[in-house]
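These are the residues of each chain, in order.
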2 protein chains.
Amino acid sequence: MKILVELWLIAPISALISILTGFLFSNYINKQDSGTEKMQDIASMIRKGANAFLKREYTVLSIFTIIVSTLICAFLPSPLWLTAEPIRNIQLTLAYLFGSVCSGLAGLFGMNIATKANTKSANAAREGLNKAFLIGFRGGAVMGFSVVGLGLLGVSIVYAITRSPEIVLGFSFGASTLSLFAKAGGGIYTKTADIGADLVGKVELGIPEDDPRNPAVIADNVGDNVGDVAGMGADLFDSYVASIVVVMILGQVLNLIDIPLIFAGIGIIAAVLGALTVRVGRKGDPGKTLNRGTYLTCLIFAILTFLISYILSYNLRIWGATIVGLISGIVIGITSDFYTSEGKPPVKKTAEASLSGAAVNIITGFSYGLQSVLLPLIGIGVASIIAYFICAPMGPGYALFGVGMAALGMLSIVGLVISNDAYGPIVDNARGIAEQAGLDEEVINVTDQLDAAGNTAKAITKGFAIGAAGLTVISLLATYQEIVKGATGQNITFDLMNPLVLIGALVGIAIPAVFSAMLMLGVSKNAFRMIEEVRRQFREIPGLKEGKENVKPDYEKCVDIATRGAIRELLPASALAICTTLIVGFTGGVLALGGYLAGCIFSGLLLALLMSNSGGLWDNAKKFIESGKYGGKGSDAHKAAVVGDTVGDPFKDTAGPSLNTLITVMSLVASLFATLIVEYNLANLIFT
Amino acid sequence: MKILVELWLIAPISALISILTGFLFSNYINKQDSGTEKMQDIASMIRKGANAFLKREYTVLSIFTIIVSTLICAFLPSPLWLTAEPIRNIQLTLAYLFGSVCSGLAGLFGMNIATKANTKSANAAREGLNKAFLIGFRGGAVMGFSVVGLGLLGVSIVYAITRSPEIVLGFSFGASTLSLFAKAGGGIYTKTADIGADLVGKVELGIPEDDPRNPAVIADNVGDNVGDVAGMGADLFDSYVASIVVVMILGQVLNLIDIPLIFAGIGIIAAVLGALTVRVGRKGDPGKTLNRGTYLTCLIFAILTFLISYILSYNLRIWGATIVGLISGIVIGITSDFYTSEGKPPVKKTAEASLSGAAVNIITGFSYGLQSVLLPLIGIGVASIIAYFICAPMGPGYALFGVGMAALGMLSIVGLVISNDAYGPIVDNARGIAEQAGLDEEVINVTDQLDAAGNTAKAITKGFAIGAAGLTVISLLATYQEIVKGATGQNITFDLMNPLVLIGALVGIAIPAVFSAMLMLGVSKNAFRMIEEVRRQFREIPGLKEGKENVKPDYEKCVDIATRGAIRELLPASALAICTTLIVGFTGGVLALGGYLAGCIFSGLLLALLMSNSGGLWDNAKKFIESGKYGGKGSDAHKAAVVGDTVGDPFKDTAGPSLNTLITVMSLVASLFATLIVEYNLANLIFT
């Protein structure tokens, strides 16, 4: 058994390799030329805005984190005054803080490079596609490899010190809460700016996207970084860590605690190898290149995990469950691609519906969004049932472990998934800088091509993220059950005909809806302020509208509005969701809480898929019209499609992607508090 | 015991009283003056259009019904070639047909009077509010009392002949499938016409609502009748019957089969008494009058059921559960009122958001719609848990019986609820006729007042309908479990950690979404055709736009487009939903089917509440602006609000209300096929 104990060290070693790769890529970026003075000016404004936001966000969050860690220290895993092992409370608290810090750092590193890579990619675009693409991709990969590196390293360190998956759960909780806030705050920021910039600039005045006259244009570019780069990184950081911890907990009683760590380590190596192959030739298609990298990584992962399973004589059923997850991740990604890609019927039909005006465009896009939930949900269901039955013959407890491994399999290659995803906003920014700095039409065309590839990759990665979150939270439900069993000695079942489970489920269904509503209302409130400010500047700054030389809008003011608004709105929604979880638990007990989690998961998945896909679809329907169909730019159909796109913005970039993190956080809260809730709850008092 | 056996006859007697009341009201309507020749012309066009639609709809549905009844006869409750009692197959088939016919007849009666009451109410408005209101209300009440009368009479007849609640389930299934189609078809029709009329008339040309120049105006008025009158009646017919049957089945083993029938009978008497008191004075407020009628009916119901429970020495716990349902129905209604009423913050904020354009209006309204699901879901949960625990001490089986009684309690006063609801489209039509016939401004003002009262009442009744459907389907889930238990002798639990239940639930979540999508795409496709046609008429008919005398649009063409489209689109969505239920059952077995039902119920309730409330909210935000706020009619904010209202149209009048019926139908399919599925399913083959 000696060899097994040490083998899990493959995890921290791979994590270090991952961080090193990120470091090398970041060196590569730093060496590149940042372009003309004007470009550097713009980039520096973006960087300054992004850093200012992160600084304020992290200040608020550190206060929150300190409060929560005090509570954890006092109450978890057992109240300090009742426990025989106060050291565990301290361990859990430190793990929680460590998780928050790692998640925050990953966001910081990634964004730091992203805000440099944008102008360098724009500059390289002056010489063609090849290098500009590479800068964009590697800039994104810094984020990708920071996330998986810090995530897996953190898990390994906490595990090495405590040897207790339950304490690692605290690390995961720290990572998830920070992610939730980062996602919510970034999401509100980015859409406040985007809507403000678009509605006044594009719709009211008819000036192009990224026009330097638009006062909100810098805020918009900052938003891409804080929302899409840092936010997406945070989102997957949290699912990634949770998926590993869950399988560690489920594997604990089966003596299989090493496998998730080893497989996660191999996943990182596969992603590093995959990333190194990503290069596009002079005539290559960047979108296809990104996807090829993904498929190659999957293949490497499948082969390496098979070999190691064979060598170490692991039961191949576990490998099978892992690969089921991996494959279904890709399948789910492809279905979202169908609903959001420009060439496919849903986008075309929605574009056509724009001929009847904005309302019909929205009804049509929303309807396809509703349709799009079917296949991914079946995909998650089929993946879990196959994984379950592959591992069930190994004995009791293995079946759910198999479902956990499927989630881990799906997330194993997440280093590359994030790289592809963070590539998007970087080249989007590059396009913005090229436009604002007045580069040639040809250069802008190159950045357009890069941008389009980002959208293709994004559809697949978003499907991936939601699928992975779905499988992970299903495993988290099993973990919760396991922990309750540990605390009570009883097997609880989440039987929907039990009235406590049922009322929990009914409340649970509503929470993701209310959470989304709060975020989107935050966006619409802020966008309102932003629109007023942009209108004011155009009205009051003479010569701005006409584009007179040396007349500049007040970019900082818009950046400030977006920042303040996002900071103000990010806490309430997330805090509400966490508090409701505790309220349901401490009043209704573990059964109500189980039903509540199930309800949250169901409605969270439904709304996340609906919002992400319909948002992407409206975006591409607008682009389809802009490519000259149904009247092209400036036509009535285009105006209608812009309304749809604007509605889709907070759907796909604020509420939708935050929901994954929300359900993970709530599941973790439930698992962490389960033991306490078993003892203290109102339902117990009333019914026993 | 003799007295008990006969006491349930209170049900058919009350049902006859209900039908008689409907008949008297309909006589009252017929005696009223129909107004000027022009008004009669318009009303006759509306009536012709509505009848033509119903005729075609019923033709299509009778083919469908014959096919289904053949299948029922062959397979249910047991395959004809295996059963020892083929008579039961025939009974079930006849019950199914009888249910369809009763549901269809209720729709026909109600609509027939509604299409007469509209012009008579408009005519009476020339002399003031009082009589016009009474005609509107009594016109609606014909629908209300036809529905409950035919529903309860049908149940009583089937029960009297067969003495088997399982056969009564067939009656309920017939009623529900017909309702589903009527709701879907009517919903598509009404919104096709409404959107077509509004988008070209109001938005593009800026002519007023109900302007006789608009070619789609008659189709729009027809839509109010086939969609809102016949549709809403069908919707509540099906919930009403299902709620009674469910409690009969749950009460069977407890020997309490009479109680639901007796209580339902008392509910009708309370509604008749309540309806007779509804009158508005010369200076009265019609909205308050409608609500007062509702509260009074509730009170009468509560007192009478208490008295009869006391006299017959029923356990008062059962009465308590019933009243819990009744109260929670009102509470749920009041919360929807908060989210959709003009005076309240959600509507005001959404109206204010229109200042930033259509997109922000939609984001805001949609967000409030998401928020609005919380309280009703908690309401349903609390009602079921209280009813459960009130009745639990009576012994095993009583707890779920209590939940069923709560649903029945909520629906007991449905006769009055439908009357209030059908009042809305009648006076809406009256307003349209007054406008088209060129009546005085003063008369139009009176009809406006009547119309506004309809909207107030509608918010409460919609909340009622969804709450009742929620409780009913929860009881249906219990019924399903009961039937499976009867077939297998085993208690099945819907444990979410069972992979079959889980995959069922994941698929189930998607179905209401896909179903809504199909209906709304149907609307957007048809609206597209309608818009093209309206644009064509304005383009090609000389003098139409300018309103030259003797130039008439081709109304029939628009009526025809709406009819054809609705007929074409109503079958696929509903058939898909029924087929998916059978597919899940016959592949995954009873557990997967149980999970599937739960998933459908959860996502169905979420989407129904979201769509109904956000739709109502957008409508009223537009009206709020039209009342002169934020720039008033014709301002940019108004245009933005019109887009929101149009998006909300298929939300609140097509997809939202059909979802209740959808989940009832699917639950009934599951219960009817449960025995067969236990024996024949793929999961059985694979896993045993």
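Please read all numbers here as calculations on a predicted model, not as lab measurements.

**Comments concerning the overall build of chain A**
Working step 1: The helix and strand inventory of chain A stands at 20 helices and zero strands.
Working step 2: Its C-alpha radius of gyration of 24 Å places chain A within 12% of the 26 Å reference for a compact globule of 688 residues.
Working step 3: If you line up chain A on its principal axes, its C-alpha atoms span 75 × 55 × 45 Å.
Working step 4: Counting across all 688 residues of chain A, residues that qualify as buried make up 69%.
Working step 5: For chain A, the computed accessible surface area is about 21300 Å², with 62% contributed by carbon and sulfur atoms.
Working step 6: For chain A, the separation between the mean place of its 48 positive charges and that of its 50 negative charges on side chains is 3 Å.

**As for the packing of aromatic side chains**
Working step 1: Counting across every chain of the model gives 38 aromatic pairs over all chains.
Working step 2: Ring geometry for Phe586(B) against Phe673(B): centres 6.3 Å apart, planes inclined by 85 degrees, an arrangement best described as edge-to-face. Separated by 87 residues along the polypeptide, Phe586(B) in helix α18 (residues 555-626) and Phe673(B) in helix α19 (residues 636-679) bring together distant segments of the chain.
Working step 3: Feature note: the residues Phe366(A), Trp618(A), Phe651(A), Phe366(B), Trp618(B) and Phe651(B) constitute an aromatic cluster, connected by ring pairs.
Working step 4: One cation-aromatic arrangement involves Arg138(A) over Tyr28(A); the distance from NZ or CZ to the ring centre is 4.9 Å.
Working step 5: Directly above the ring of Tyr159(B) sits Arg163(B), whose terminal nitrogen or CZ lies 5.4 Å from the centroid.

**Describing the packing of helix α9 (residues 286-311) of chain A against helix α15 (residues 414-436) of chain A**
A packed helix pair is summarised by two numbers, namely the angle formed by the two axes and the spacing between the axes.
All names here are of chain A.
Working step 1: Between α9 and α15, the shortest axis-to-axis distance is 10 Å and the interhelical angle comes to 165 degrees. The orientation of α9 relative to α15 falls into the category roughly antiparallel. α15 is crossed by α9, and the crossing has left-handed handedness. Two secondary-structure elements touch here, α9 through Pro 286, Leu 290, Gly 293, Thr 294 and Thr 297 and α15 through Leu 416, Asn 420 and Tyr 423.
Working step 2: In terms of residue class, the contact of α9 with α15 is built from four nonpolar, four polar and no charged.

**Here's the deal with the side chain of Lys183(A)**
All names here are of chain A.
Working step 1: You can see Lys 183 is positioned in helix α6 (residues 165-205).
Working step 2: Look at Lys 183 and you get buried, because its relative accessible area is 4%.
Working step 3: Lys 183 has contacts with Gly 227, Gly 231, Met 232, Asp 235, Pro 657, Ser 658 and Thr 661, leaving out every residue within four places of it along the chain.

Conventions used here
Residues numbered from 1 in each chain as written. Chains lettered and ligands numbered in written order. Predicted model: local features only at pLDDT ≥ 70, side-chain atom pairs only at ≥ 80, totals over all residues. Heavy atoms only, no water. Helix = DSSP H or I, 4+ residues; strand = E, 2+ residues; numbered from the N terminus. Rg over C-alpha atoms; globule rule 2.2 N^0.38 Å. Buried < 20%, exposed > 50% of the residue type's maximum accessible area, 1.4 Å probe, protein only. Areas by Shrake-Rupley, 256 points an atom, 1.4 Å probe, with all protein chains shown as cover. Lys, Arg positive; Asp, Glu negative; His and termini not counted. Charge placed at Lys NZ, Arg CZ, Asp CG, Glu CD. Phe/Tyr/Trp six-rings, centres within 6.5 Å; stacked < 30°, edge-to-face > 60°. Lys NZ or Arg CZ within 6 Å of the ring centre and 35° of its normal. Axes fitted to C-alpha atoms, helices over the stretch in contact; angles between N-to-C directions. Parallel < 35°, antiparallel > 145°, perpendicular 65-115°, else oblique. Left-handed = near helix turned anticlockwise from the far one by under 90°. Contact = heavy atoms within 4.5 Å. Nonpolar A, V, L, I, M, F, W, Y, C, P; charged D, E, K, R; others polar.

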